[in-house]
Amino acid sequence: MQDAWIVEIAEADKRIGRGLFHFSQLPACGDRVSIPNDRGTLDILGVIQVEYAPVPAEPLSNAMPRTEPVATIYVQWVEEDDGQ
């Protein structure tokens, strides 16, 4: 599993953090991801950019306490899937 933050880019370049999610494979630009919303349905989001934050194979210093790589997936809202 790979961890990634999902950040929605809304109108006027407003950024909305949608949370940290586990992925079996990270999406690429142009892909869509579906994540739960607080209304009990799914939001379908289009991936516009993926930013990777790898971890050095050998520790460079104590300044980087992370031991697992993480990514940030920037998305734009496409539609809500109400299951119907």
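Overview of the structure. In every chain, residue numbers begin from 1 and rise along the written sequence. At least 70 in pLDDT is required for a residue's local features to be given in this predicted model, at least 80 for side-chain atom pairs to be given and counted, and no such filter applies to totals for whole chains, interfaces and linings, which use all residues. Values reported for side chains reflect all heavy atoms of the structure, with hydrogen atoms and water molecules removed beforehand.

## Observations regarding the overall build of the protein
Counting from the N terminus, the helices are DSSP H or I runs at least four residues long and the strands are E runs at least two residues long. Of regular secondary structure, the protein possesses zero helices and five strands. Tracing the protein from N to C terminus, the helices and strands come up as β-β-β-β-β. Residue burial is assigned from relative accessible area. The probe radius is 1.4 Å, only protein chains are included, and a residue is buried under 20% of its type maximum, exposed over 50%, and partly exposed in between. Out of the 84 residues in the protein, the part that is buried amounts to 30%. In the protein, once contacts between residues fewer than 6 apart in sequence are set aside, the share between residues at least 24 apart is 45%. To be clear on the numbers: accessible area is Shrake-Rupley with a 1.4 Å probe, and residue cover counts the displayed protein chains and nothing else. When the accessible surface of the protein is split by element, carbon and sulfur atoms take 50% of a total near 6,100 Å². The contact criterion used throughout is that any non-hydrogen atoms of two residues lie within 4.5 Å.

## Some points on the sheet that holds strand β5 (residues 70-81)
Pairing in this open sheet of five strands is mixed, and the strands run β2-β1-β5-β4-β3 from one edge to the other. In the strand order of this sheet, the two ends are held by β2 (15-23) and β3 (32-36), each with one partner. The mean inter-strand angle of the sheet, taken between neighbouring strand axes irrespective of direction, is 40°. The sheet contact formed by strand β4 (residues 42-53) and β5 spans 11 bridges and is antiparallel. Bridge pairing links Val 47 to Val 75 in β5. Think of it this way: DSSP has to see at least two bridges between two strands before they count as a pair. To obtain an axis, a line is fitted to C-alpha atoms, over the contacting stretch when the element is a helix, and the angle between two such axes runs from 0 to 180 degrees between their N-to-C directions.

## Brief notes about the side chain of Thr 41
Structurally, Thr 41 is set in the loop between β3 and β4. We call two N or O atoms a polar contact when they sit within 3.5 Å, provided that within protein one can donate a hydrogen and the other can accept it, with sequence-adjacent residues counted only if both atoms are side-chain atoms. Side chain to side chain, Thr 41 and Asn 37 meet in a polar contact 2.9 Å long. In terms of polar contacts, Thr 41 uses its side chain to reach the side chain of Glu 80, at 2.4 Å. Ignoring sequence-local partners within four residues, the contact set of Thr 41 consists of Ile 35, Pro 36, Glu 80, Asp 81 and Asp 82.

## Some words on the pattern of salt bridges
Every case where a carboxyl oxygen of Asp or Glu lies within 4 Å of a side-chain nitrogen of Lys or Arg is listed as a salt bridge. Evaluation of the coordinates by the stated rule reveals five salt bridges. Put simply, Arg 18 and Glu 8 hold a salt bridge, and the shortest N to O gap is 2.6 Å. With a gap of 10 residues between them, Arg 18 in strand β2 and Glu 8 in strand β1 (residues 2-9) connect regions that are remote in the sequence. One salt-bridge network, held together by shared partners, links Glu 8, Arg 18, Asp 38, Arg 39, Asp 43 and Glu 80.

## Let's talk about the nonpolar core
Ala 4, Ile 6, Phe 23, Leu 26, Val 33, Ile 35, Leu 45, Val 47, Val 50, Ala 71, Ile 73 and Val 75 form the largest nonpolar core, which has 12 residues in total. Looking at this core, the elements that each hand over two or more residues are β1, β3, β4 and β5. Setting aside residues no more than four positions away along its own chain, Phe 23 makes contact with Met 1, Gln 2, Ala 4, Ile 6, Val 33 and Ile 73. We call a set of buried residues a nonpolar core when its members are Ala, Val, Leu, Ile, Met, Phe, Trp, Tyr or Cys and they connect through side-chain atoms within 4.5 Å of each other.

## Examining the pairing of β3
Two faces make up the sheet, and in a regular strand the side chains alternate between them. With burial as the criterion, only one face of β3 is covered, namely that bearing Val 33 and Ile 35; the residues Arg 32, Ser 34 and Pro 36 on the opposite face remain uncovered. In terms of strand pairing, β3 meets β4 through five bridges, oriented antiparallel. Each bridged residue has a counterpart across the sheet, and for Ile 35 the counterpart in β4 is Asp 43. Linkage of β3 to β4, two consecutive antiparallel strands, is achieved through a turn of five residues, within which Gly 40 is found at a positive phi near 85°.

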